[in-house]
Amino acid sequence: MQQLLPKDFLATANIQQAIVVEFENKKTNFMIKKYGNDQYFNLKNLNHIKRIRKSEENPSNVQFFMRLKDDFNEEIEQNIPEEIKPYLLKEVEVAVNMPRTKEQFLQFNKYWPITYKVQQYEIVQFNDFEQQEINQIMRQCIDQAKQTYEKNNKFNACAIFDPNKKKILQFAVDETCRKQNSIKHCIMNIMKLFGENYIVTAQQKAITEKVKVKQDEDMNDSSKEMVQNTSQQEKEKKDEDRLEEEEEEEEKKKDKINVKRKSEESIEESLSSYYYCTGLDVFIVQEPCIMCSMALIHSRVRRVYYSLKNPKQEQFGGLNDDLMINHMDSLNHSFLVFQNVESEYANTTLKSNQQQDQLQK
Ligand SMILES: [Zn+2]
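Residues numbered from 1 in each chain as written. Predicted model: local features only at pLDDT ≥ 70, side-chain atom pairs only at ≥ 80, totals over all residues.

Enquirer: I'd love a proper account of the overall build of the chain, names of residues and values included.
Expert: The helix and strand inventory of the chain stands at nine helices and 10 strands. Taken across its 361 residues, the chain has 24% of its residues classed as buried. (Helix = DSSP H or I, 4+ residues; strand = E, 2+ residues; numbered from the N terminus. Buried ≥ 20, exposed ≤ 12 C-beta atoms within 10 Å, placed from the backbone.)

Here you go:
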């Protein structure tokens, strides 16, 4: 098994020219307020770039990042607000690619200053137990892939695993009948099944909450009754008895609370509300295609483990080291990918399946 690292981890600085405007230090606040979100000062997607730096030549001046030179034309230059025109326009160098490692940060930051988020990409170390667990789940997927292949589908199956509960929540197999134009890929199937079985809809959630509120009200009513009963009895009973009574009532109250807690837990268990696949792992025998990779991004899955790289003559895989669409800056979610999980077992199983196929023909 091997974790796939995005190529940009090894990238050198991609340097481009940028236009900055230089002005006196004391005007900084005014300029940021007025032009911080202005059409002329446009960072586009360069979120790692700092807006301002001290001028090297003139320490009483600051430089304000305007835009990349490629993005700066005559029209923009002519339309610069009068207020800014007296200031000096300068060209500087800036690293436009995001640093992934500290080494890259130190290198890229030598140009225009940038920010760096530590641990943008987690490199996972597995212990023996975790490794065994992963292999064992993948083996189950491979066995399911074998079964669905025997029913004339593609050799692929997947599972959704909850790493906190250490529980496989859902399996699904390929049901494409080996047709190119079918979308019944196992990821598509598992997302549908998982949605039906585990994701609590807003409506269901509202019902659960109503049940809880009702229980709370019942609980309050019965404890009021208890208090009233106790006070009546207290008047009739002698002092020695009273203590015993109170203890009993306390016990009863505790029992009631325990019953209530248990029923709440059982409701939560049956409607365990997952927010998409947040925090969950997906195991899949063959690397997901691009469509399925996008579905995995939308599902907000935590990790994807696959065994075999998608063969290029079929559909292009979306998660291998060439594409890695799980790690695109323009997408709002990314997840970790591990490949070659039990790949020997997957390969031998697939080959024996294919041999049997040929014998039958
Ligand atoms: Zn697919």
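From this point, the discussion proceeds with the structure in view.
Enquirer: Hey, could you go over the pairing of strand β8 (residues 281-286) for me, with residue numbers and the actual values?
Expert: The buried count for β8 comes to six of six residues, which makes it a mostly enclosed element. Pairing between strand β6 (residues 157-162) and β8: four bridges, direction antiparallel. Note that in β8 the partner of Ile-160 across the bridge is Val-282. The pairing of β8 with strand β9 (residues 303-308) spans five bridges and is classified as parallel. Paired with Ile-284 across the strands is Tyr-306, a residue of β9. (Pairing = 2+ DSSP bridges.)

Enquirer: Residues and numbers for the sheet that holds strand β1 (residues 2-3), please.
Expert: The sheet built from six strands is open, its strands ordered β1-β10-β9-β8-β6-β7 with mixed pairing. Looking along the sheet, the strands with just one partner apiece sit at the ends: β1 and β7 (167-173). The sheet contact formed by β9 and strand β10 (residues 336-339) spans three bridges and is parallel. Across the sheet, Tyr-305 pairs through a bridge with Phe-338, a residue of β10. Helix-sheet contacts for helix α4 (residues 128-150) involve β6, β7, β8 and β9, and the interaxial angle to β6 is about 150 degrees. Across the sheet, helix α9 (residues 343-360) lies against β8 and β9, angled at about 45 degrees from β9, the strand it touches most. (Contact = placed C-beta atoms within 7 Å. Axes fitted to C-alpha atoms, helices over the stretch in contact; angles between N-to-C directions.)

Enquirer: Quick rundown of the sheet that holds strand β2 (residues 15-24)? Include the residues and the values.
Expert: As summarised here, the arrangement of the four strands in space is β3-β4-β2-β5, forming an open sheet in which the pairing is antiparallel. Two strands in the sheet have a free side with no partner beyond their single neighbour: β3 (52-54) and β5 (88-95). Across the sheet, the axes of successive neighbouring strands diverge by a mean angle of 40 degrees, strand direction being ignored. Relative to strand β4 (residues 61-68), β3 runs antiparallel, the two sharing three bridges.

Enquirer: Requested: an account of the packing of helix α5 (residues 186-197) against helix α8 (residues 290-299), with residues and values cited.
Expert: Between two packed helices, what matters for the description is the angle formed by their axes and the separation of those axes. With their axes 9 Å apart at the nearest point, α5 and α8 run at an angle of 30 degrees to one another. Considered as vectors, α5 and α8 are oriented roughly parallel to each other. The crossing of α5 and α8 is left-handed. Counting all contacts with α5, which are made through Ile-187, Met-188 and Met-191, the residues of α8 involved are Cys-292, Ala-295, Leu-296 and Ser-299. Tallied by class, the residues present in the contact of α5 with α8 amount to six nonpolar, one polar and no charged. (Parallel < 35°, antiparallel > 145°, perpendicular 65-115°, else oblique. Left-handed = near helix turned anticlockwise from the far one by under 90°. Nonpolar A, V, L, I, M, F, W, Y, C, P; charged D, E, K, R; others polar.)

Enquirer: Which residues make up α9, and what are the values?
Expert: Every α-helical turn comprises 3.6 residues, leaving residues that sit three or four positions apart pointing alike. With 18 residues, α9 extends 26 Å between its outermost C-alpha atoms, agreeing within 8% with the 26 Å of an ideal straight helix rising 1.5 Å per residue. Where α9 is concerned, the buried positions are Ala-346, Thr-349 and Leu-350. One side of α9 holds all its buried residues, which, seen down the axis, span an arc of 95 degrees. The outward face of α9, more than 90 degrees from its buried face, is lined by the exposed residues Glu-344, Thr-348, Lys-351, Ser-352, Gln-355, Gln-358 and Leu-359. The inward-facing, buried residues of α9 abut α4, β8 and β9. (Expected span 1.5 Å × (residues − 1). Arc of directions from axis to C-beta.)

Enquirer: So what's going on with the environment of Phe-72? Residues and values would help.
Expert: If you trace the backbone, Phe-72 turns up in the loop between β4 and α2 (74-78). For Phe-72, a count of 18 C-beta atoms within 10 Å translates into the label partly exposed. Residues Phe-72 and Ala-18, spaced 54 residues apart in sequence, show a C-alpha to C-alpha distance of 8.6 Å. When sequence neighbours within four positions are dropped, the list of residues in contact with Phe-72 reads Ile-19, Arg-67 and Glu-77.

This is a description of form; function is not addressed.
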